[in-house]
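Geometric and topological summary
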Amino acid sequence: MSVETAPRRRRLEPDARRGQILACAVRLFGERPYADVSTTDVAREAGVARGLVNHYFGAKKDLYLEVVRVMVTIPEVAVERLPKGDLRTRVDASVTWFLDVVSRHSTSWLAAVTARGMGGDADVERVLAEAEEVAADRMLVAVGLAGQAAHHEELRGMVRAYCGLATSTAREWLQRGALTRTQVHLLLTTTLLTIVEQVIPQVIADDGPTRPAVPSD
């Protein structure tokens, strides 16, 4: 969920060149609808031949899907770099990291989470769904619950719901201006702490009926 732009028109190693092209694509797809961006535009912005864009990413849609993926997926390194303090310290750092990233790439992030110009596309939906699953796993690691075997699917469901709240709340700040960053930070940290400290312990301790099975066709 973080892309840095490499200097243009320099001889770069393949990974650095790929990252530079991706950073340019992130910016362009954030500024314009999908239909208004071409691989030629991306190549021109990156200062490379169009063939190099195709070499690294394939067709335009493949490049767009990678842009969406990088904008909405929590990287493993973000969790690895969290402070080793108590729960409140890690929750505060997690929310701060999220708000830093979405504000730094606000236009591109908003375009990705709304998949502007590609509504209902199955491939985009797949990428967004995969990002939700990654977020659930990494958030459980962040709050120290990755090894909790009991009620594991319920915990993942709660975290997915929280991630949906985080996305909606960030949009209220960045897109609608209804909330300030401070208010968003308070809402997200308080909610996550409540889930981890109050809701999840009750779920784990609950010996009542399990969740109903999903009906089969």
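Residues numbered from 1 in each chain as written. Predicted model: local features only at pLDDT ≥ 70, side-chain atom pairs only at ≥ 80, totals over all residues. Heavy atoms only, no water.

- An unreviewed UniProt entry lists the protein chain under the name AcrR family transcriptional regulator, with Micromonospora jinlongensis as the source organism.

1. Let's talk about the UniProt feature "DNA-binding region" (unreviewed entry) in the protein chain
- The residues that UniProt annotates with the feature "DNA-binding region" (unreviewed entry) are residues 38-57.
- When the span residues 38-57 is considered, its composition is 80% helix and 0% strand, and the gap between its end C-alpha atoms is 13 Å. (UniProt positions renumbered as here; feature names shortened; annotations may be inferred. Helix = DSSP H or I, 4+ residues; strand = E, 2+ residues; numbered from the N terminus.)

2. What to know about the pattern of salt bridges
- Summed over all chains, the structure comprises 16 salt bridges.
- The shortest N-O distance in the salt bridge between Glu45 and Arg27 comes to 2.8 Å. Here Glu45, found in helix 2 (residues 39-46), pairs with Arg27, found in helix 1 (residues 14-31); they are 18 residues apart in sequence, far enough to count as distant.
- Two residues, Arg160 and Glu133, come together in a salt bridge whose shortest N-O distance is 3.4 Å. Separated by 27 residues along the polypeptide, Arg160 in helix 9 (residues 152-174) and Glu133 in helix 8 (residues 122-142) bring together distant segments of the chain.
- On the basis of relative accessibility, which here comes to 27%, the residue Arg160 falls in the partly exposed class.
- Salt bridges sharing common partners tie together Lys61, Asp121, Asp123, Arg126 and Glu130. (Salt bridge = Lys/Arg side-chain N within 4 Å of Asp/Glu carboxyl O. Buried < 20%, exposed > 50% of the residue type's maximum accessible area, 1.4 Å probe, protein only.)

3. Digging into the packing of aromatic side chains
- Within this structure, the stated rule accounts for four aromatic pairs.
- Taking the centre distance of 4.9 Å and the plane angle of 70° together, the rings of Tyr34 and Tyr64 count as edge-to-face. Taken together, the residues Tyr34 in the loop between helix 1 and helix 2 and Tyr64 in helix 4 (residues 60-72) connect sequence positions 30 residues apart. For the residue pair Tyr34 and Tyr64, the accessibility class agrees, reading buried in each case.
- With centroids separated by 6.1 Å and ring planes inclined at 80°, the aromatic side chains of Phe98 and Trp109 adopt a geometry described as edge-to-face. Separated by eleven residues along the polypeptide, Phe98 in helix 6 (residues 87-104) and Trp109 in helix 7 (residues 106-114) bring together distant segments of the chain. This pair shows no difference in class: Phe98 is buried, exactly as Trp109 is.
- An aromatic cluster is built from Phe29, Tyr34 and Tyr64, whose rings are joined through pairwise contacts.
- In this arrangement the basic side chain of Lys60 is found over the ring face of Tyr34, its NZ or CZ atom lying 4.1 Å from the centre. (Phe/Tyr/Trp six-rings, centres within 6.5 Å; stacked < 30°, edge-to-face > 60°. Lys NZ or Arg CZ within 6 Å of the ring centre and 35° of its normal.)

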